[in-house]
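The chain contents come next:
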Amino acid sequence: MDFLRSADNPWGQDIWIGISWDLVWLAVIASLAFVVLHAIAVRLRGPARIETTPPPADVPETSRVERHSLVARAFHWTMSIAMFALLITAFVPVLGLEFDWVQLHWMAGLLLLATIIWHVIHTLGWQDLWSMWVGPTDVRDGAIELKHALIPGDDDEPKHRTGKYPADHKLYHHAAATAALAATATGLFMMVRIDTPFWTRNPYLFGDGAWGMVYVLHGLAGVGLIGLVAAHVYFAVRPEKRWLTWGMVRGWITRERYRVHFDPTQWPVDELGDPSGDRGGALAEASPRSPQDDA
Amino acid sequence: MGTIRDMIAPFDFFQPATVDDALALLSEHGDDAWVLAGGLDSFDWFKDRIKRPKVVVDLGVIESLSAISESGDGLEIGAMASLTSIVNHARIRADYPLLTTAAEHVATPQIRNQGTLGGNVSQDTRCWYYRSGWPCYRAGGNTCYAAAPQAMNREHCILGASRCVAVSPSDTAPALFALDATMVVRHGRRERVIDAEDFFIGPSTDITRMTILEAGDLLTSIRIPAQWAGARVYYEKVRDRGSWDFALESVAAAFRMDGDMVADARVVVNGVAPYPVRLEAVERSIIGSRASEDLAIGAGEVAIQGVRSLRHNDYKVPMMRNLVKRAVRSVVA
Ligand SMILES: Cc1cc2nc3c(=O)[nH]c(=O)nc-3n(C[C@H](O)[C@H](O)[C@H](O)COP(=O)(O)OP(=O)(O)OC[C@H]3O[C@@H](n4cnc5c(N)ncnc54)[C@H](O)[C@@H]3O)c2cc1C
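Computed from a prediction, not measured in an experiment: that's the story for all the values here. (Residues numbered from 1 in each chain as written. Chains lettered and ligands numbered in written order. Predicted model: local features only at pLDDT ≥ 70, side-chain atom pairs only at ≥ 80, totals over all residues. Heavy atoms only, no water.)

1. Topic: the interface of chain A and chain B
So, step 1. The interface of chain A with chain B comprises 24 residues on the first partner and 23 residues on the second.
So, step 2. Interface area for chain A against chain B, summed over the two sides, is near 1,800 Å², with a carbon-plus-sulfur share of 49%.
So, step 3. When residues of chain A are sorted by the area they lose upon contact with chain B, Pro10(A), Glu98(A) and Arg201(A) head the list and together hold 32% of the total.
So, step 4. Taken together, chain A and chain B are joined by 1 salt bridge.
So, step 5. Note that Arg209(B) is salt-bridged to Glu98(A), the shortest N-O span being 2.2 Å.
So, step 6. One can count 10 residue pairs in polar contact (both at pLDDT 80 or more) joining chain A with chain B. (Contact = heavy atoms within 4.5 Å. Buried area = accessible area lost by both parts, 1.4 Å probe. Salt bridge = Lys/Arg side-chain N within 4 Å of Asp/Glu carboxyl O. Polar contact = N/O pair within 3.5 Å; in protein donor to acceptor, adjacent residues only side chain to side chain.)

Written as structure tokens, this is what we have:
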């Protein structure tokens, strides 16, 4: 199996020209293997036990807690469309189903860039940046979950309630953000080499060697995203996580889920489900709805 | 880079006697195998040691592949029929003179004797950066040397570029396209009949291939339906040298006339894009109209909508306009 493709440039220098397409197959097969093995492991030993100490008495009693604002959900789903369009246009032709992909690919790339900019502005202006910070509690919880996953029979130590975003969500976010930013930044440079309605191509922005690096990074970020997106979709449809996915569709989770999974000191909400502290990040929606409506 | 050497790199050479044997060999060796027809394109690559197949499957002794026969409502031409046999074929000359003329315009008598119809439509582009072995997009690399600002791109495309700007070199391809020909392609036991329009692919679909053919595929024949038999046709090829040369541009057109009205038309140009281009907008602009000088002038203007020239091939734009104009003018009474 090759990892990189290289070629002689016109000056006889051996330069990288991109990743080997074997890596695409590797990412697809590794993703499928992860999904299958994880599903088997969870079936055999069940999900991690969650801390069962009673929640503080002052947890307010509205039936819904809003988890994602409309703007945040619009961002998430628009970005998903862009990401799927990018992965399909990038890799499906490599895997054998050929179609006219180039224009669709860069247009999806620009859509992804727009959603990233939107997300950054929204986060800085209206959300709590620190809710994504990986702190000591996250490290501890992550270690417990990892131990549970790796050591058979190890579920003595329950997982603690978390803030709005558990450690695995935060780590996933940062990995996906790194890969998406790398793919977008390198993709923007690659766009300089093709004609678009906005500019005429310029293949000489960098030398051959630097261009090779850009292509390699773009390819690595792309195959990384295959695995990350596959894992995300898999967890989104797993029965025990589906309520979180519905939260991203409807914007809210039930008060019951909130009590069981989240620590109100780290993710405080008021009686109406509004964020009540500056570490919150939840936005309000208070229409009464019973926990049974939860999917 | 592209150094011509006198020795071809070694490969295993097979001469199957039947199509099935050839297909079995192609399936067995997959990407390592190369189909050899007349060898005029193939040996260039081999001698320059740019393409180094491990296995070469020569179709030369499969007699059935050279046959030209009646089929259903038209003609079926075996992929290994030589260009000379096409030029000399009485039925083709009578009913499909567009193909005769196009085949007659290919290179020299010697090349037409050796070159096959299947090889002519499947041949690779003549972009000289690519043919010199430079690691361009088409060769699996990540740049197009011909599209660079300082590049020598006089022969390159003004339409359909997508990173790569090479053009299709085939003279028979636009004629077959204009005649609504279909390509019969076998892969193992599976047979596909592919419209010419889908047979030739552009770089935005696959930058490393000119046609839909991939490892294991064998083009066995080309079918020409009766639809355009006896139609009014026009073929013109512009080249640098009168003796022999690849087309800078060519036009192949077929017309059905109803009195002096254009009842139906096909207008295809080549040498302007990485694949032969059917000009449907031109066809729409003339179908149902009385053939006239003005109609021809208008068709020429429609033809060049959306073209985009490179640094050194501006001349291709008026050339394309004039070729289309002349094709339409040919049916003016
Ligand atoms: C000096 C010179 C001048 C030329 N001038 C012109 C010109 O003016 N106009 C023009 O149109 N052409 C021109 N040609 C091209 C020539 O006419 C041939 O048609 C062309 O080179 C390929 O035909 P071939 O039969 O030799 O095929 P080959 O060279 O053997 O094959 C060409 C390609 O097609 C593939 N192939 C061939 N047959 C099949 C099949 N049945 N199934 C699957 N794949 C197949 C081969 O694998 C190879 O990749 C010229 C060639 C030369 C050398």
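Now that the structure has been shown, the text picks up again.
2. Topic: the packing of helix 1 (residues 22-45) of chain A against helix 6 (residues 208-237) of chain A
For any two helices packed against each other, the geometry comes down to the angle between their axes and how far apart the axes lie.
Residue and element names in this part refer to chain A.
So, step 1. Packing of helix 1 against helix 6 leaves a shortest axis separation of 9 Å and a crossing angle of 20°. In terms of their interaxial angle, helix 1 and helix 6 are classed as roughly parallel. Seen along the crossing, helix 1 lies across helix 6 with a hand that is right-handed. Facing helix 1, whose interface residues are Leu 23, Val 24, Ala 27, Val 28, Ser 31, Phe 34, Val 35, His 38 and Ala 39, helix 6 presents Leu 220, Val 223, Ile 226, Gly 227, Ala 230, Ala 231, Tyr 234 and Phe 235.
So, step 2. Considering only residue class, the contact of helix 1 with helix 6 consists of 14 nonpolar, 3 polar and no charged. (Axes fitted to C-alpha atoms, helices over the stretch in contact; angles between N-to-C directions. Helix = DSSP H or I, 4+ residues; strand = E, 2+ residues; numbered from the N terminus. Parallel < 35°, antiparallel > 145°, perpendicular 65-115°, else oblique. Left-handed = near helix turned anticlockwise from the far one by under 90°. Nonpolar A, V, L, I, M, F, W, Y, C, P; charged D, E, K, R; others polar.)

3. As for helix 5 (residues 167-191) of chain A
Residues that lie three or four places apart on an α-helix share one face, since the helix turns once every 3.6 residues.
So, step 1. Taking 1.5 Å per residue, 25 residues should reach 36 Å; helix 5 of chain A reaches 35 Å between its end C-alpha atoms and fits that length.
So, step 2. Ala167(A), Lys170(A), Ala176(A), Ala179(A), Ala180(A), Ala183(A), Thr184(A), Thr186(A), Gly187(A), Met190(A) and Met191(A) are the residues of helix 5 of chain A that are buried. (Expected span 1.5 Å × (residues − 1). Buried < 20%, exposed > 50% of the residue type's maximum accessible area, 1.4 Å probe, protein only.)

4. Points about the domain arrangement of chain B
Many authors give the size of an interface as the accessible area that is lost as the parts come together.
All names here are of chain B.
So, step 1. Under the domain assignment, chain B is made up of domain 1 (63-122 + 167-227) and domain 2 (233-329).
So, step 2. Taken together, the contact pairs 27 residues of domain 1 with 28 residues of domain 2.
So, step 3. Each partner contributes to the roughly 2,100 Å² buried at the junction of domain 1 and domain 2, and carbon and sulfur atoms together form 63% of this total.
So, step 4. Our enumeration of links across domain 1 and domain 2 arrives at 2 salt bridges. (Domains from an automatic or database assignment.)

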